[in-house]
2 protein chains.
Amino acid sequence: MNEQRTTKPTDLLPEPTLRRLPWYLAYVAMLKSDGVEYVSSTRIADDLAVDSSQIAKDLSFINIKGKTRIGYEVASLEKALRHFLGFSSRHNAIMAGCGSLGAALLQDSGLQRYGLNIVAGIDTSDRVVGTRIGDIEVSRPDELKELVRRLKINIGILAVPVEAAQAVADELVDAGIHAIWNFTPTRIRVPQEVVITNTSIYSHLAVMYNRLGIQKTL
Amino acid sequence: MNEQRTTKPTDLLPEPTLRRLPWYLAYVAMLKSDGVEYVSSTRIADDLAVDSSQIAKDLSFINIKGKTRIGYEVASLEKALRHFLGFSSRHNAIMAGCGSLGAALLQDSGLQRYGLNIVAGIDTSDRVVGTRIGDIEVSRPDELKELVRRLKINIGILAVPVEAAQAVADELVDAGIHAIWNFTPTRIRVPQEVVITNTSIYSHLAVMYNRLGIQKTL
C-alpha cells in the first residue's frame, strides 16, 4: 500500500484551511456514498472551485498521500478528514441558555454527528428548568460547576440573551470550561487559555441583507 | 440638534465592518436597556476591545455623527444601526429542508427579531410534508416556484443534506430567489447575481476542536 494516514502532531492550523477541510469532507463523503473509489486533487478542485495547489497544501496538514495518477482513496480520505477534524470523537458540552436558539440547537442531531455531545443545559427561567429538551434535562445555573465536573464537560455553548452573555461566559470559565462556542451577537472576553469560537448567525444575516442591497431601498 | 441620521446610498461595505456593526448594535441595545443616554467611541472601544479609530470608521458608513465631548446618542445609534443592517425590515424567506437543523431554525424566534420572516418550508420527506413546524406548513418541493411567487420570497435557506445541496440551490435560483443562506457544510455554486452567505456551523466546530488541541490527543 502506497498510502499513509497518520495524524501528525500539528501546530495551530491556519483558520482558512480549517474551514476548507470540512468542505472536502462533505465532498468526499458524497463521493463515497456514490461508490467512487479514487479522487484526484484536480477533480476536487474542479468540483469545489478551489485551486488544486491549495487543496494539496490543505491536505498536506493531515498527512495523507494520494497515489500517482490515481489520486486519493476516497474512503481513507473521508476517514482521515473526519478523524483529523475531531468529528469522530465525543466532545462533551453544556448548553448555557435553553431559550429559542439554545433549544433549537439541542434538537439538531447534526451536532451529534459532528462529535458534539451536549450532555447538559442550564437556564435561569423557571418555565424551562426541570423540563426536558431533546435528550437533556435543563438545570439551574447554580448547578453549573457540579455538572461540568461530574459530566466531564469542556465546551460551553453560549445561547443566552446579549445582556447576560459576558456574565454567563465568566461563570462557564469559572466552572472549568476550556472552550466557548458563542452564538450571541455580542463579543465576549475570556482568559487567553480559553478557546472562543463565534458563530454569529445574525451578523451573517446583516451581511446577506447588505449584499442584497436591501438597505438601499429602505 | 447637532446630529444627523440618514442612510446614504452606499456601495458594498467591507465584510469585516458588516460583521462588527451587529456587535455595536448588541452593545448599544444593552446600554439603552440600562438607561444610558450617550456613549463615546472611546467607551465602545474599551468595552468591546476594538480600536476606537476602527469604530469611528465603521460608524462613518452609517453616517451618524456624535456630539463633541458627549458622543453618540444611544437611542438614535441603536435605531440607525438596526435600520442600516436591515433588521427593522421584513425579508421573506423559505426553508429548504425541514429536517433536524431546518426545523430547529424554524423554531428560533431570534431570526424574526432580526428581520427574517420565514413564510414557507419545503421538504422531500413524506413524514414532514403537510406538518406544521412553528408557524409554517411544510410543502412539497414541486410547490417551490408557486410559493416563491405568491409569498414574494427572495431568500432561500438551505438546510438539506449535503448530497442534495447543489440541486436544491439550483431549484431555488430557478424559482427566482435572490439570496441563499447556506447552512450545509458544502460549497455551492450560484450565478453571480445571486447572493450566497455561508454559515457552516459544523466547520466552526472543527475550528474549535482544533484550537482545543483535541486532535493532538486522539
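Procedures and definitions
Residues numbered from 1 in each chain as written. Chains lettered and ligands numbered in written order. Predicted model: local features only at pLDDT ≥ 70, side-chain atom pairs only at ≥ 80, totals over all residues. Heavy atoms only, no water. Least-squares fit on C-alpha atoms with pLDDT ≥ 70 in both. Contact = heavy atoms within 4.5 Å. Salt bridge = Lys/Arg side-chain N within 4 Å of Asp/Glu carboxyl O. Helix = DSSP H or I, 4+ residues; strand = E, 2+ residues; numbered from the N terminus. Buried < 20%, exposed > 50% of the residue type's maximum accessible area, 1.4 Å probe, protein only. Phe/Tyr/Trp six-rings, centres within 6.5 Å; stacked < 30°, edge-to-face > 60°. Polar contact = N/O pair within 3.5 Å; in protein donor to acceptor, adjacent residues only side chain to side chain. Buried area = accessible area lost by both parts, 1.4 Å probe. Nonpolar A, V, L, I, M, F, W, Y, C, P; charged D, E, K, R; others polar. Pairing = 2+ DSSP bridges. Axes fitted to C-alpha atoms, helices over the stretch in contact; angles between N-to-C directions.

Engineer: Just give me the short version of the relation of the copies chain A and chain B, but keep the residues and values in it.
Structural biologist: Overlaying chain A with chain B gives an RMSD of 0.0 Å, the required rotation being 180 degrees about an axis along which the chain moves by 0.0 Å. The superposition operator between the copies reduces to a two-fold rotation axis. Within chain A, A:Ala104 has its C-alpha nearest the rotation axis, a separation of 2.1 Å. Looking at chain A, 100% of its interface residues are interface residues in chain B too, so the copies touch through the same face.

Engineer: Just give me the short version of the pattern of salt bridges, but keep the residues and values in it.
Structural biologist: All told, the structure shown has 22 salt bridges over all chains when counted by the stated rule. A salt bridge links A:Lys145 to A:Asp174; the shortest N-O distance between them is 3.3 Å. Remark: A:Asp174 occurs in helix α8 (residues 165–174) and A:Lys145 occurs in helix α7 (residues 144–150); sequence separation between them is 29 residues. The partly exposed category is assigned to A:Lys145, whose relative accessible area is 49%. By relative accessible area, A:Asp174 is classed as exposed at 54%. We note a salt bridge from B:Glu15 to A:Arg211, for which the minimum N-O separation is 3.8 Å.

Engineer: How would you explain the side chain of A:Thr186 if you had to name every residue and give the values?
Structural biologist: On the secondary structure map, A:Thr186 appears in the loop between β8 (179–182) and β9 (195–198). A relative accessible area of 8% places A:Thr186 in the buried class. Residues contacting A:Thr186, with those up to four places away along its chain left out, are A:Val162, A:Ala165, B:Trp23 and B:Ala26.

Engineer: Run through the packing of aromatic side chains, naming residues and quoting values.
Structural biologist: All chains considered together, the criterion is met by eight aromatic pairs over all chains. Between B:Phe87 and B:Tyr114, the aromatic rings sit 4.7 Å apart at their centres with planes inclined by 90 degrees, giving edge-to-face as the arrangement. In this pair, B:Phe87 is assigned in the loop between α4 (74–84) and β3 (91–96) and B:Tyr114 in the loop between α6 (109–113) and β4 (116–122), connecting sequence segments 27 residues apart. For the pair formed by B:Phe87 and B:Tyr114, the shared burial category is buried. Aromatic side chains B:Trp181 and B:Phe183 sit 4.7 Å apart centroid to centroid with 50 degrees between the ring planes, which places their arrangement in the tilted category. Since its relative accessible area comes to 2%, B:Phe183 is described here as buried. Grouped by ring-pair contacts, the aromatic residues A:Phe87, A:Tyr114, B:Tyr202 and B:Tyr209 constitute a single cluster.

Engineer: Which residues make up the environment of B:Asp108, and what values go with them?
Structural biologist: Within the secondary structure, B:Asp108 sits in the loop between α5 (100–106) and α6. The buried category is assigned to B:Asp108, whose relative accessible area is 5%. Along the sequence, B:Asp108 and B:Val148 sit 40 residues apart, while their C-alpha atoms lie 22 Å from each other. If we skip the residues at most four places from it in the chain, B:Asp108 touches A:Ser100, A:Leu101 and A:Tyr202. Among the polar contacts listed, one links the side chain of B:Asp108 to the side chain of A:Ser100, at a separation of 2.9 Å.

Engineer: Any chance you could break down the side chain of B:His91 for me, citing the residues and the numbers?
Structural biologist: Examined against the element boundaries, B:His91 turns out to sit in strand β3. A relative accessible area of 3% means that B:His91 is categorised as buried.

Engineer: Describe the interface of chain A and chain B, with residues and values.
Structural biologist: At the junction of the two partners, chain A supplies 67 residues and chain B supplies 67 residues. Note on chain A versus chain B: buried area summed over both sides is about 6500 Å², and carbon and sulfur give 66% of it. Among the residues of chain A in contact with chain B, A:Arg187, A:His204 and A:Arg211 are the three that bury the most area, contributing 11% of the side total. Every element with two or more residues in the side of chain A that touches chain B is listed here: α1 (15–33), α2 (41–48), α4 (74–84), α5 (100–106), α6 (109–113), β8, β9 and α9 (201–212) of chain A. It is α9(A) that contributes the most residues to the side of chain A that touches chain B, 12 residues altogether. The residue makeup of the side of chain A that touches chain B, split by class, is 36 nonpolar, 21 polar and 10 charged.

Engineer: Outline the sheet that holds strand β6 (residues 136–139) of chain B, listing residues and values.
Structural biologist: Spatial strand order, β5-β6-β4-β3-β7-β8-β9 (chain B): seven strands in an open sheet with mixed pairing. This sheet does not close on itself; its edge strands, each paired only once, are β5 (132–133) and β9 (195–198) of chain B. In the sheet, strand β7 (residues 155–158) of chain B pairs with strand β8 (residues 179–182) of chain B via four bridges, with the strands oriented parallel. Pairing of B:Ile155 across the sheet is with B:Ala179, part of β8(B). Each of β3, β4, β7, β8 and β9 of chain B touches α9(A); the most contacted strand, β8(B), lies at about 160 degrees to it.

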